[in-house]
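Each chain, written out:
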Amino acid sequence: MHRLWNRVDFAFSSAWQNFWRNAAVSIASVLIVWVVLLALGSLLLVLHSLDQIVALEKTKASAISVYLADTTPLSSAMDFKLHLENDPRVTAVTYVSKDQAMARFRQLPALDPSVIDTLGTNPLPASLDVTVRDIRDLGAIDQAVRNSPLVDRSPATNYEPNVIDKIILLARVAGIAGLVLIVGLTGLSVFIIMLTIRTAIYLRRKEIEVMKLVGATDWFVRWPFIVEGLFVGVVGAVVAVLIVGFGYRPAVVNLQSVLIFVPLSFDQYYLRLVLAAMLGFGLLLGSVGSYLGVRRFLKQ
Amino acid sequence: MAALMPVVPLISLQGVHKQYPNGTVALRDVTLVVPKQDFVFLVGPSGAGKSTLVRLLIREEKVTAGKIHVEGQDLSRLKRRHLPFLRRKIGMVFQDFKLLPNLTVFQNVAFALRVTEGALRHLKPKVEEVLSIVGLEGKENKFPDQLSGGEQQRVAIARALVHDPKIFLADEPTGNLDPATSWEIIQLLLQINARGTTVLMATHNREIVDVMRRRVVAIEGGQIVRDEDAGGYHAPALESR
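Predicted model only: the values in this text are computed from it and were never measured.

Asks: Whenever I open this one, the overall build of chain B confuses me. Can you help?
Replies: Along the backbone of chain B there are seven helices and 10 strands. By its C-alpha atoms, chain B is 50 × 45 × 45 Å across when sized along the principal axes. Each of the 241 residues in chain B was classed as buried or not, and the buried ones make up 41%. Contacts spanning at least 24 positions in sequence make up 68% of the contacts within chain B whose residues lie at least 6 apart.

Asks: Before we go on, may I ask you to explain the sheet that holds strand β2 (residues 90-96) of chain A in this structure?
Replies: Strands pair in a sheet through their backbones, by hydrogen bonds, and they do so in one of two ways: parallel or antiparallel. All names here are of chain A. The three strands are arranged β1-β3-β2 in an open sheet whose pairing can be described as antiparallel. Each edge of the sheet is formed by a strand with only one pairing partner; in this case those strands are β1 (63-67) and β2. Taken pair by pair, the neighbouring strands of this sheet meet at an average axis angle of 20°, ignoring direction. Two elements, β1 and strand β3 (residues 127-132), share five bridges in a ladder whose sense is antiparallel. Bridge assignment links valine 66 to a residue of β3, and that residue is leucine 128.

Asks: Teacher, can you tell me more about the packing of helix α5 (residues 149-161) of chain B against helix α6 (residues 179-194) of chain B here?
Replies: Two quantities define a packed helix pair, namely the angle between the helix axes and the distance between the axes. Residues and elements named next belong to chain B. Contact pair α5 / α6: the axes reach a minimum separation of 9 Å and the direction vectors enclose 20°. Classed by the angle they form, the pair α5 and α6 counts as roughly parallel. The interaxial crossing formed by α5 with α6 has right-handed handedness. Taking contact as the criterion, the partners of Gly149, Gly150, Gln153, Arg154 and Ile157 in α5 are, on α6, Thr181, Glu184, Ile185 and Leu188.

Asks: What am I meant to see in the sheet that holds strand β1 (residues 11-19) of chain B here?
Replies: All names here are of chain B. Taken together, four strands build an open sheet; the order of strands is β2-β1-β4-β5 and the sheet is antiparallel. The outermost strands of the open sheet, each flanked by one partner alone, are β2 (25-34) and β5 (73-74). Looking at chain direction, β1 and strand β4 (residues 65-70) are connected through five bridges and run antiparallel. Residue pairing for β4: histidine 17 is matched across the bridge by alanine 65. Its contacts with the sheet put helix α1 (residues 50-57) on β1, β2 and β4, and the angle it makes with β1 is roughly 115°.

Asks: Is there a simple way to explain the environment of aspartate 229 of chain B in this structure?
Replies: As for its placement among the helices and strands, aspartate 229 of chain B is situated in the segment after β10 (223-228). Separated by 12 residues in sequence, aspartate 229 of chain B and valine 217 of chain B have C-alpha atoms that sit 8.8 Å apart.

Asks: In this structure, what is going on with the pairing of β1 of chain B? I would like to understand it.
Replies: Remark: a regular strand shows side chains that alternate across the two faces of the sheet. Residue and element names in this part refer to chain B. With six bridges connecting them, β1 and β2 associate as antiparallel partners. In the sheet register, serine 12 faces β2, and the bridge partner there is valine 33. Remark: five residues form the turn of the hairpin made by β1 and β2, two consecutive strands paired antiparallel; glycine 23 in that turn has positive phi of roughly 100°.

Asks: Explain the domain arrangement of chain A to me, please; I cannot follow it from the model alone.
Replies: Note: interface size is frequently given as the accessible area lost on complex formation between the parts. Here the domain parsing of chain A yields domain 1 (8-57 + 163-297) and domain 2 (62-146). Computed over C-alpha atoms, the centres of domain 1 of chain A and domain 2 of chain A are 49 Å apart.

Asks: It is not clear to me how the interface of chain A and chain B should be interpreted in this structure. Could you clarify?
Replies: Counting residues at the interface gives 16 residues for chain A, matched by 18 residues for chain B. At the level of secondary structure, the elements contributing two or more residues to the side of chain A that touches chain B comprise α1 (2-21) and α8 (205-213) of chain A. The leading source of residues in the side of chain A that touches chain B is α8 of chain A, at six residues. Classifying every residue of the side of chain A that touches chain B by side-chain character gives seven nonpolar, four polar and five charged.

Asks: Is there a simple way to explain α6 of chain B in this structure?
Replies: Side chains three or four residues apart in an α-helix point the same way, a direct result of the helix having 3.6 residues per turn. Residue and element names in this part refer to chain B. Counted at 1.5 Å a residue, the expected span for α6 with its 16 residues is 22 Å, and the 22 Å between its end C-alpha atoms agrees. Among the residues making up α6, those that are buried are Ser182, Ile185, Ile186, Leu188, Leu189 and Ile192. All buried residues of α6 lie within an arc of 155° about the axis, which places them on one face of the element. What points out from α6, more than 90 degrees from its buried face, is the exposed set Pro179, Ala180, Gln187 and Ala194. For α6, the elements touching its buried residues are α5, β7 (167-171), β8 (198-203) and α7 (206-212).

Asks: I tried to follow the confidence of the model for chain B on my own but got confused; where do I start?
Replies: A low pLDDT score tells you not to read the predicted coordinates there in detail. Summarising the model, chain B shows a mean pLDDT of 90, and 93% of its residues fall at 70 or more. Two numbers describe this predicted complex: its pTM, 0.75, and its ipTM, 0.88.

Asks: Help me understand the environment of aspartate 74 of chain B, please; the structure alone is not making it clear to me.
Replies: Residues and elements named next belong to chain B. Along the chain, aspartate 74 falls in strand β5. Taking the C-alpha atoms as reference, aspartate 74 lies 10.0 Å from leucine 13; in sequence the two are 61 residues apart. Apart from residues no more than four positions distant in its own chain, aspartate 74 is found in contact with Lys67 and His69.

Rules behind the numbers
- Residues numbered from 1 in each chain as written.
- Chains lettered and ligands numbered in written order.
- Predicted model: local features only at pLDDT ≥ 70, side-chain atom pairs only at ≥ 80, totals over all residues.
- Helix = DSSP H or I, 4+ residues; strand = E, 2+ residues; numbered from the N terminus.
- Buried ≥ 20, exposed ≤ 12 C-beta atoms within 10 Å, placed from the backbone.
- Contact = placed C-beta atoms within 7 Å.
- Pairing = 2+ DSSP bridges.
- Axes fitted to C-alpha atoms, helices over the stretch in contact; angles between N-to-C directions.
- Parallel < 35°, antiparallel > 145°, perpendicular 65-115°, else oblique.
- Left-handed = near helix turned anticlockwise from the far one by under 90°.
- Domains from an automatic or database assignment.
- Nonpolar A, V, L, I, M, F, W, Y, C, P; charged D, E, K, R; others polar.
- Expected span 1.5 Å × (residues − 1).
- Arc of directions from axis to C-beta.
- pLDDT = per-residue confidence, 0-100.

Quick look at the structure:
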């Protein structure tokens with residue numbers, strides 16, 4: 001116990017001294033770790049949000065809302081509904097009244113209900129929500145209903161052929177760009193941690209010489225520097241974790257109020273995973289950097 | 001009389017060659033046996049190979065050919081992870097003391113125990129014991145730059161003694177000291193030797209070697225040119241008396 005405590009005490013107090021003895025370099029390495037982890041955490045959350053959107057769009061994809069002109073009487077709308085139901089490509093048609101459309105609209109997250117009340121009249125059209133057997137038929141249905149006099153003109157339907165493809169492409173581009181950025185920053189941060197450790201070793205060269213002379217083991221000499229590297233990783237990670245942890249919910253809420261039709265949601269479970277990944281990655285950066293730092297000088 | 005008894009010598013070198021990577025040959029065919037409790041002066045001009053011999057004994061360098069045994073252990077077959085334990089058997093002091101300037105006398109000596117994971121409970125009595133051997137009681141809280149050269153070398157000697165070494169290697173320990181102080185250090189080494197520790201001292205100090213009349217091993221050009229008990233700094237024929 002005494003020996004273990006001595007080893008731990010020596011490693012931590014030396015690491016602490018090392019950190020402050022070359023404070024400028026140490027703080028630079030904390031900052032770079034912080035930047036890497038912030039980028040990593042943000043990227044994971046952005047990609048996750050895009051995934052959420054894609055998933056929701058896919059469930060909506062087999063349906064199309066046909067907006068009815070306000071002048072269309074209910075009986076004509078019902079005839080039109082029946083006509084559509086007889087189409088072999090269609091599996092179901094639901095009528096949504098103006099009031100139901102408004103009720104749905106009110107359900108959108110982050111929309112202030114008082115704003116809607118100031119509108120006075122209900123601007124939303126009634127619609128026929130048509131579900132098709134095969135997504136590829138959506139375009140044809142859209143073409144078929146678009147020119148009917150019963151249908152509203154602005155817009156006629158909510159058919160947007162490429163929206164999912166666009167989101168998937170966006171996610172892919174963001175993912176690749178983010179990955180390239182993170183790989184680059186990771187290399188840079190490992191390099192800077194390595195330099196920090198080398199500097200610490202240089203400043204302690206006399207102690208190390210004496211330690212080897214009086215018979216300290218290689219690991220006893222190494223530990224303070226490994227601990228210092230881990231410390232850099234942990235401090236950078238903790239700062240980044242706090243920012244992402246506390247910043248994610250406000251960011252989602254703000255985006256929801258700007259992009260009111262985009263189905264963003266706050267995912268507590270995924271956030272925890274991301275924060276754990278950030279902390280783990282910070283420790284990894286610290287240990288790899290310090291391992292590379294101590295590797296050479298201990299070969300003697 | 002010792003020669004009649006088949007004992008394992010503490011240190012033995014057999015046909016040791018040392019060539020550095022740059023091609024310099026530092027030692028050639030050196031054979032030397034040092035029994036327990038011996039006191040040996042290593043003499044010879046600068047660059048003769050004395051320091052190389054010292055470095056080979058603590059395995060800071062490896063032999064190019066030949067064998068070195070310490071307590072019967074073959075140093076060329078010693079694994080790197082066992083090296084620290086060899087170093088704990090060998091106390092070393094140098095011309096430049098190698099003290100840590102930001103630590104006190106007590107801390108400098110205690111450092112050697114801490115970094116070799118000596119149990120902290122025994123640290124204080126052990127440090128006090130070795131400091132009293134070298135006669136530095138009362139100076140525990142001084143820093144090296146508050147001490148004279150002789151006192152600094154005593155701190156270094158105390159530090160070398162904390163592991164109760166079997167071998168004490170001194171590389172020019174009086175090189176930076178005035179004659180009176182040098183004699184004090186030599187007295188201390190004799191005391192250490194009298195307590196049962198084998199002492200090897202590399203030196204240029206002709207006066208000391210001549211007066212002491214101990215075993216002298218002279219090295220020149222990487223070879224042992226003379227090995228005599230109760231010898232002088234120079235070979236008898238060259239001595240002017």
